[in-house]
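# Topology and contacts: notes
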Amino acid sequence: MDVKDDLAKWRKEDICAHWGDDYDRYEGAIVPPIFQNTLFTRKTKNHGYTYTRMSNPTLELAERKTAALECGECALAFSSGMAAITAAIMHVIEKDCHIVSLNSLYAPARTFIGSYLRKLGVKSTFVPGDCVEQFEEAIRPDTKLFYLESPVSNVFSMQDLSGIAQLARSKGIATIVDNTWATPLYQNPLQLGIDIVVHSASKYMGGHSDLIGGMLVASEESIQSIQVNERGMYGAIMDPHQAWLLTRGLRTLPLRMARHAENGLRIARFLKEHPHVEKVFYPGLEEHPQYELGQKQMSGYSGLMSFIPSEGATRDITAMARAMRVFEVGPSWGGFESLMNYPGAGMKPEATEATGIPPGLIRISVGLEHADSIMDDLDRGLHQWMKGSLR
Ligand SMILES: *Cc1c(COP(=O)(O)O)cnc(C)c1O
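Residues numbered from 1 in each chain as written. Predicted model: local features only at pLDDT ≥ 70, side-chain atom pairs only at ≥ 80, totals over all residues. Heavy atoms only, no water.

With that out of the way, let us pick up the overall build of the chain. Counting its regular elements, the chain contains 14 helices and 12 strands. Relative to the compact-globule value of 21 Å for 391 residues, the chain shows a C-alpha radius of gyration of 21 Å, a close match. Along the first, second and third principal axes, the C-alpha atoms of the chain reach 75 × 50 × 35 Å. Residues classed as buried in the chain amount to 57% of the 391 residues present. Counting contacts in the chain only where the partners sit at least 6 residues apart, residues at least 24 apart contribute 72% of the total. A total accessible area of about 17000 Å² is found for the chain, and carbon and sulfur atoms account for 52% of it. When the 39 basic and 46 acidic side-chain charges of the chain are each reduced to a single mean position, those positions are 5 Å apart. (Helix = DSSP H or I, 4+ residues; strand = E, 2+ residues; numbered from the N terminus. Rg over C-alpha atoms; globule rule 2.2 N^0.38 Å. Buried < 20%, exposed > 50% of the residue type's maximum accessible area, 1.4 Å probe, protein only. Contact = heavy atoms within 4.5 Å. Areas by Shrake-Rupley, 256 points an atom, 1.4 Å probe, with all protein chains shown as cover. Lys, Arg positive; Asp, Glu negative; His and termini not counted. Charge placed at Lys NZ, Arg CZ, Asp CG, Glu CD.)

Quick look at the structure:
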């Protein structure tokens, strides 16, 4: 396919496979080489590159694909999702301003907004986020940013992105959305009026649990400023080798996501019917209280969900995990492998307000294994759970 084609005619599968690739530039190599170099010489000719902390052709390929998938003007690659998130926030805020964000926000982002930024006099209000009025009521004269994540970590409630973007624009407030859960395939917040989209590329975009990375997508004007300032000066740029792995991951993103989505829905339905499960949190279930909103602003659902087993936080979760053969236990998610962690294990109801995590919550990332193997494994784990000793 020809890179000079009009992007509007490209389908997302084709963007993943071919957009931004320039075979003639690299001797026809179908997989471009890694530019694993610190600097670019300009003794005889200026090639447009200077130093890899500013830009690098291997990063630019991942950036072009991500921008195209997000229907954004430009993208920048960072050394982690948190690097992209903190750069985006620092780009839009001012000293002593006020930020509105979400109770159940991805924890390091919440700590950055709610605690770390206090040293710059930044104040914050955290709301559940499931209706626009909560944002409207939280606005103060010094509010500069609505920082969003939809669906949000652990409980997977959603925010009405176009409603919140409209409110923000009318008040001169910037909006950032963490779009890691839905990936650029299933949700495009910029098209709903959001200013900046951030991703942890360590999850589905990379998809193989072999890299840490972040992506930021925004207008060309914002990107030019962030490239020089927040990325260029803090220096948290993606390494060329990570960028090369990310591009490799992106080429199969549609295939992987189709399987994560299919397995995800089957497993969510299975858990909902399971006698030892009290509650399932998954936006793709028709019973989800915001199902309609999800249908309106997303075109698919990924494979990360959570549930509370019967009797909540009362039993020994480690015995359950050890009885399971498919699921590994660990942080992160979005790779080929099924993973679980238990943020709500042993949690007291009082702690829920500070963390947004209900007692007993178990989070699972449904991988690319056969759905029957995953269901058998969960069934095995849940039976062990009911046999396990009370805490
Ligand atoms: C993992 C994660 C991040 C942070 O990404 P890193 O690459 O680990 O820095 C941000 N947001 C969400 C929703 C995540 O799950």
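Now for the nonpolar core. In this structure, I89, Y147, L271 and I364 are the most contacted members of the largest nonpolar core, which totals 116 residues. Shared between two domains, this core holds at least three residues of each, these being domain 1 (3-251) and domain 2 (253-387). Once residues lying within four places of it in the same chain are set aside, the contact partners of I89 are I99, F112, I113, L117, L145, Y147 and I176. (Core = buried A, V, L, I, M, F, W, Y, C linked by side-chain atoms within 4.5 Å. Domains from an automatic or database assignment.)

With that settled, the discussion passes to the domain arrangement of the chain. For the chain, the assigned domains read domain 1 (3-251) and domain 2 (253-387). Put simply, the middle of domain 1 and the middle of domain 2, counted by C-alpha atoms, are 26 Å apart. At the interface, 36 residues of domain 1 touch 40 residues of domain 2. When the two sides are added together, the surface that domain 1 and domain 2 hide from each other amounts to roughly 3100 Å², 59% of it contributed by carbon and sulfur. Broken down residue by residue, the surface that domain 1 buries against domain 2 is led by W181, Y186 and Y204, which jointly contribute 29%. Our count for the contact surface shared by domain 1 and domain 2 stands at zero salt bridges. Joining domain 1 to domain 2, the criterion identifies 19 residue pairs in polar contact (both at pLDDT 80 or more). (Buried area = accessible area lost by both parts, 1.4 Å probe. Salt bridge = Lys/Arg side-chain N within 4 Å of Asp/Glu carboxyl O. Polar contact = N/O pair within 3.5 Å; in protein donor to acceptor, adjacent residues only side chain to side chain.)

In this section: the sheet that holds strand β8 (residues 277-281). Read across the sheet, five strands follow the order β8-β9-β12-β11-β10 without closing on themselves; strand pairing throughout is mixed. Each edge of the sheet is formed by a strand with only one pairing partner; in this case those strands are β8 and β10 (328-329). As judged from the four bridges shared by strand β9 (residues 304-309) and strand β12 (residues 362-365), these two strands associate in the antiparallel manner. When the sheet's bridge partners are listed, S306 is paired in β12 with R363. Strand contacts of helix α10 (residues 253-273): β8, β9 and β12, with the helix running at about 10 degrees to β9, the strand carrying the most contacts. The sheet strands contacting helix α14 (residues 371-387) are β8, β9 and β12, and the helix crosses β9 at an angle near 25 degrees. (Pairing = 2+ DSSP bridges. Axes fitted to C-alpha atoms, helices over the stretch in contact; angles between N-to-C directions.)

Right, let's talk about the state of the cysteines for a bit. On inspection of all chains with the given rule, the structure shows zero disulfides. The thiol sulfur of C74 is not disulfide-bonded, and the nearest other cysteine sulfur, from C71, lies at 14 Å. (Disulfide = S-S within 2.5 Å.)

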